[in-house]
Each structure stands twice: as C-alpha cells, then as structure tokens.
Amino acid sequence: MKDKACIVGVGATGFCRGEGSGKSLHGLQLEAALTALADAGLRAGQVDGIMPFPNLGTAEGFAASLGCENLRFATTVNMGGAAPVASLGVAAAAVTSGLADYVLMPAGWNGYSGSRAGAIVQEMTASIPGGAIARDFYLPHGLVAPPQWYALIARRHMHEYGTTAEQLGAVALAMRKHAQLNPAAVMHDKSMTMEQYLASPMITDPYRLFDCCLETDGAAACVVTTTERARDLARPPVYISGVASAQPYPADEITGREDIFRTGLTVAAPRAFEMAGVEPADADFAQVYDCFTFEVVQQLEEAGFCTRGEGGAFVEGGRIELGGELPVNTHGGLLSEAHVLGMGHVVEAARQLRGEAAGRQVADAGLGVVTGWGDFGDGSIAVLRN
Amino acid sequence: MADSGKKKAAGLPLPLMQGLHGEFYRHCAAGRLSFQRCSDCGRWRHVPREICPACSSWNWSWEQSSGRGTVYTYTIAERPMHPSFAERCPYAVVVVEMEEGVRVLSQVVDCPPSELEIGAAVTVDYLSVGPEGTGANDRQGEEAGDAGASDSEGIVLPVFRLA
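Overview of the structure. Since we're looking at a predicted model, the values are computed, not measured.

The next point concerns the overall build of chain A. If you tally the helices and strands in chain A, you get 14 helices and 11 strands. Taking 2.2 N^0.38 as the reference for a compact globule, 386 residues should give roughly 21 Å; the C-alpha atoms of chain A span a radius of gyration of 19 Å, in line with that estimate. For chain A, the spread of C-alpha atoms along the principal axes amounts to about 55 × 45 × 40 Å. The burial tally for chain A puts 61% of its 386 residues in the buried class.

So, in structure tokens, the structure goes:
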C-alpha cells in the first residue's frame, strides 16, 4: 500500500472558545469538509466514501447534506483520538482496493460551547470500548475522566524513569511556542514561561492545567484518494507511505496491563515505518497527539524516536521545537492550537509537506510522522511524504 | 417518565451489579475480596472475564485474595471531573498490585493523598456505599430494561489501608 494513496485535500474551520462556533456539530464539520474538498478541487458529489469520527456524526448524514449520491464506503474506526490517523490507513486500503474513489474524513465538535469535558464523562464512558468496566470498576472510586486514566501511566513513568514536571512542561512550552507562529491557534499571542506552567493549578496530579489539552470549538477534514487520481487534482499530493493502527492489550482495561507503557502505538509504529521503508530518525517533523503532555513523551518513546525512559530528556533543550532535531506539533497541537480530535494534526502534516506552513514551516520538510491516541491507549501512526 | 416509586439519589456512580461484575461485588459485600482464577492454568484475573485470556479455558472459580498488595501507581484529583466527587477533592485514585499478581483500581482510605507513595504496602478493607439501585449509574440499567436486583446487603467497594 506504500505511496498508493494520498491526502489530496485538507481544511479546517476557525477555532474558538468564548461565544462558541455558532454552528451545529454537523454544520461545523460540513464547513471543514467543504473546505477540504475545495482544497482538493473536488465537488462534494464526487465523494463516495465517508469516515466520520466516532459518535460525532454519521456517514449517511454527511452524505445527505453534501449531495453524495453514490456513497458506497461508510465506516468509522472506533479508536477515539486515534481514529483520524487510523482512518487514513482504512481509507488508503479502501481507495487502493476500489471500495471507494474519494474518501472524506470529517472530525470536529463544539468542545467548548457544546459538550464540555466534565459533562460528557458519563456519556463517553458508555461509548468507549471498555465502558462497562469503567462504569463498574473505575467510576465508583472517582476515576472518571481521561486525564486521570493517563495520569496513572504518567505517574508510574515518573517513578520508574525519573521523568520530571519540568520535562512535561517542556512539551507544553514547545506547543505554546509554536502556537505563537500560527495565527489560527487559540493560544496565539498567549506565550507561556516555565514558571507560569509550574504555577498552573493541579488538575489531577501529575497533570497541571497546562498539561491538559484545550477545550475548543472547531473542525477539520481531509480527503484521500489513489495516487493515480491525485495527479489530476488541484494540490500537490501528500503520499501515505506507511500507516498502521493497533490496540493495547487489553484495550478495554487500562490498569492491569502487564506492561503499562505498551500501547497501541508500540505495536503500530514499527509496522508503519517498515511499510514506508524509513526510520523514525528520517522524519523532518512529528505531529503527535497531545491530549496531555506526558502522552507526547510516551508516544515519542513508543514510536521509536527515543528509547523507553528517555522521552523526558528527549523533549528538553528545544529538541522538539521548530529549529530543533524533531519539531513536534508545529501548529500548537491540542495543547495550544485547538482540540480537533487529531484531525488538526493530519491537516498540519499535509500543510508542512506542501510547504504551506508560512512562519512555522519546517525547512525542506519532505517526510513527516503523525500519530493518534485514543480511549485507553489505542494508537495510530502515519508516515507521510511529499 | 414512569413513576417507578423508587427514589433515585443523585449519588455516587455505583457499579451496576450485573453478571460477573455483580458477582465480584457480592464477594466484597461478604467481606471476601476475590478474583477469578483459572482452574486449568491457575492464572488469576481481574477484571472479570468469561474465559481465561491465557489458555481460553471456561473453567474457573472465585478465589479469595490475601488482601495484601502494594501501590503500583496513583493520581490525585485536585479538581472535580464529576459532580459526585466534588466534595471529596483532593482525593487519590490508586492502582494496587495484589500478591496474586492482578491489579485493582481503588483508593487508600487512611492516607492523605500527599503522603501516598508507589510501593507502599496496603491491605484490603471494605467500604459500604449504599444499597443497590441507588447509584447514579442505575439509570443506565433501567433504560436498558434491567432494573437490577436490590435484595442483597448493598454495594461494598474494596478499598485499602496502609499495612
């Protein structure tokens, strides 16, 4: 499947908090979808495959609104925040096998003005793969939300490897620094120092407020087709060189894993790099799903950018900042751009590889990595090139 | 909105007491923290599963745990992420690794969160949290057409104390 399918269009809405988007959940994603289709030079009616984000819309609904009269591929990868990147793989398989010609992937939500994190806890617990386990064994003890699930892993990592608060802070600062170069970022014009990071209130130890992703309104989308069809379209294609997704074991229970650091990405990353025929060190940048700071540290380790236990040191000293060895989340990520469920990372990767990232452009970007993380550690990764 | 005559407190989210999950909690209510143990390969398991993930055997029994374990990891909630726990903040949620090898998500009831340490030895205790059918979660069960039984001594959570 290497290089047989491409991302041919990307798009996003504006991102906001405050008054909110003023659009419905459906309308917001439609706006991103239409932007991505226009970017590709496709008419909406040409779309015959749709892969919605889990629980945020149906392929039928999007097809109806967009006038897709020939919808023949409609599926959702149920991996939470790992879904968009995992969907790249499924979409690539679909278009190369002929199940669809043009697959549209919308994702977005009114994450600020609509369903705030606290309010959706119970609803979410009913929708994730381990929902009944979380309900019966986690909720009664007060483990109710994703930052707590992952904080358990972060705390153990700090214990075993000496990972520090300042190292988590280095992740938050890098994302914030990049947001200063991205006018669309919610945290544009809001710089942050290590002192401010350390002084931010503790939410669920070891996570402070600034370890946590933003709650924002916004949507993003991309379109995938075959390399052959991509040649006729408006924008330079972004080749899907390697892609894989995988589950931790067990995927429905987060506390009892023999190796608590082994996540879906641990399994997926070697497969994606093997498919692409490259090594992690070949990447010019990485867009790493940053729901919380430690998940960046952990994914850098499990994806093979450094060895396990070295992630804390890896993110220090500007290594993951623009100009560093591996710029991470050049748009600001979920931490400082907006929480677009991981699709923002795909959009940014494509923009970097098309040379459209303006003031935050990685010089000579030719190969990039994008990851996804969801539910109890589901993982996905794509190796993209121009 | 049928009037079931049953008072629904907006209380703590409680386990639904269905199936194997319910069996686990009924052992706790009897003061015996127990886990499933495979009758063929001998492996202990938690959370409950219908077959042994190690050897696929259907044969198993509930066996009582020694009740002893160590703190494997924890997180301290300083800000409430669920209204039911707002008054409890700050509180720690703790993963305990039992002598049998399984891990249990729980809480250490006699240790201030700030004094928790990974590796601390703990022993099981039991916390009664209310009669069945009173938890915030039970609304889900009702909607699913299963109001659940409410004929036992109530729901008891396994919690831990410093050893």
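Continuing now.
In this section: the nonpolar core. All names here are of chain A. Among the nonpolar cores identified, the biggest contains 172 residues, and Val-103, Ala-221, Cys-222, Val-223 and Val-224 are the most heavily contacted of them. With nine residues, the top contributor of residues to this core is helix H3 (residues 83–97). For Val-223, the contacting residues outside a window of four places in its chain are Val-8, Gly-9, Ala-36, Leu-37, Ala-40, Leu-42, Tyr-102, Val-103 and Leu-104.

Residue and element names in this part refer to chain A. Spatially, S3-S2-S4-S7-S1-S8-S11-S10-S9 is the arrangement adopted by the nine strands of the open sheet, whose pairing is mixed. Looking along the sheet, the strands with just one partner apiece sit at the ends: strand S3 (73–74) and strand S9 (285–287). Against the sheet, H3 engages strand S1 (5–12), strand S2 (49–50), S3, strand S4 (103–110), strand S7 (217–226), strand S8 (238–246), strand S10 (367–374) and strand S11 (378–385), with an angle of about 115° to S8.

What follows covers helix H1 (residues 25–40) of chain A. Residues three or four positions apart in an α-helix share a direction because the helix packs 3.6 residues into each turn. All names here are of chain A. Spanning 16 residues, H1 covers 23 Å between terminal C-alpha atoms, matching the ideal 22 Å at 1.5 Å per step. Turning to H1, its buried residues number three or more, namely Leu-28, Gln-29, Leu-30, Glu-31, Ala-32, Ala-33, Ala-36, Leu-37, Asp-39 and Ala-40. Lining the buried residues of H1 we find S1, helix H2 (59–66), S4 and S7. The positive-phi residue at the C-terminal boundary of H1 is Gly-41, with phi of around 80°.

Moving on, we get to the packing of helix H6 (residues 146–161) of chain A against helix H11 (residues 293–302) of chain A. Residues and elements named next belong to chain A. At a minimum axis separation of 10 Å, H6 and H11 run at an interaxial angle of 60°. Here H6 lies oblique to H11, going by the angle between them. The two elements H6 and H11 cross, and the hand of that crossing is left-handed. Note on element contacts: H11 touches H6 through Phe-294, Glu-295 and Gln-298, opposite Tyr-150, Ile-153, Ala-154 and His-157. Of the residues in the contact of H6 with H11, the class split is four nonpolar, two polar and one charged.

If you look at the interface, chain B gives 33 residues, while chain A gives 29 residues. Counting residues per element, the ones that place at least two in the side of chain B that touches chain A are strand S4 (68–77), strand S5 (91–98) and strand S6 (103–106) of chain B. The leading source of residues in the side of chain B that touches chain A is S4 of chain B, at six residues. Residues that form the side of chain B that touches chain A fall into these classes: 20 nonpolar, nine polar and four charged. Note: strand S5 (residues 202–205) of chain A against S4 of chain B, two bridges, orientation antiparallel.

Glancing now at the packing of helix H7 (residues 165–179) of chain A against H11 of chain A. Residues and elements named next belong to chain A. Contact geometry for H7 and H11: axes closest at 8 Å, N-to-C directions at 95°. For the element pair H7 / H11, the angle class is roughly perpendicular. Of the residues in H11, those in contact with Gln-167, Leu-168, Val-171 and Ala-172 of H7 are Thr-293, Phe-294, Val-296 and Val-297. For the contact of H7 with H11, the class distribution of residues is six nonpolar, two polar and no charged.

For the bond from Asp-205 of chain A to Pro-206 of chain A, the omega torsion is 10°, close enough to zero to count as cis. Relative to the helices and strands, Pro-206 of chain A resides in the loop between S5 and strand S6 (207–208). A cis amide bond, omega 5°, links His-46 of chain B with the succeeding residue Val-47 of chain B. Within the element layout of this structure, Val-47 of chain B appears in the loop between strand S2 (44–45) and strand S3 (60–64). Look at Asp-3 of chain A: it is not a glycine, yet its phi comes out positive at around 60°. Take Asp-3 of chain A: it is sitting in the segment before S1. The exposure class of Asp-3 of chain A is partly exposed, given the 16 C-beta atoms found within 10 Å. Positive phi outside glycine occurs at Asn-329 of chain A, with the angle close to 55°.

The next point concerns the sheet that holds strand S1 (residues 34–38) of chain B. Residue and element names in this part refer to chain B. Pairing is antiparallel in the open sheet, where three strands are placed in the order S2-S1-S3. Two strands in the sheet have a free side with no partner beyond their single neighbour: S2 and S3. In this sheet, S3 lies alongside S1 in antiparallel orientation, the contact comprising five bridges. Residue Phe-35 lies in a different strand from S3, and its bridge partner there is Glu-63.

Cut-offs applied
- Residues numbered from 1 in each chain as written.
- Chains lettered and ligands numbered in written order.
- Predicted model: local features only at pLDDT ≥ 70, side-chain atom pairs only at ≥ 80, totals over all residues.
- Helix = DSSP H or I, 4+ residues; strand = E, 2+ residues; numbered from the N terminus.
- Rg over C-alpha atoms; globule rule 2.2 N^0.38 Å.
- Buried ≥ 20, exposed ≤ 12 C-beta atoms within 10 Å, placed from the backbone.
- Core = buried A, V, L, I, M, F, W, Y, C linked by C-beta atoms within 7 Å.
- Contact = placed C-beta atoms within 7 Å.
- Pairing = 2+ DSSP bridges.
- Axes fitted to C-alpha atoms, helices over the stretch in contact; angles between N-to-C directions.
- Expected span 1.5 Å × (residues − 1).
- Parallel < 35°, antiparallel > 145°, perpendicular 65-115°, else oblique.
- Left-handed = near helix turned anticlockwise from the far one by under 90°.
- Nonpolar A, V, L, I, M, F, W, Y, C, P; charged D, E, K, R; others polar.

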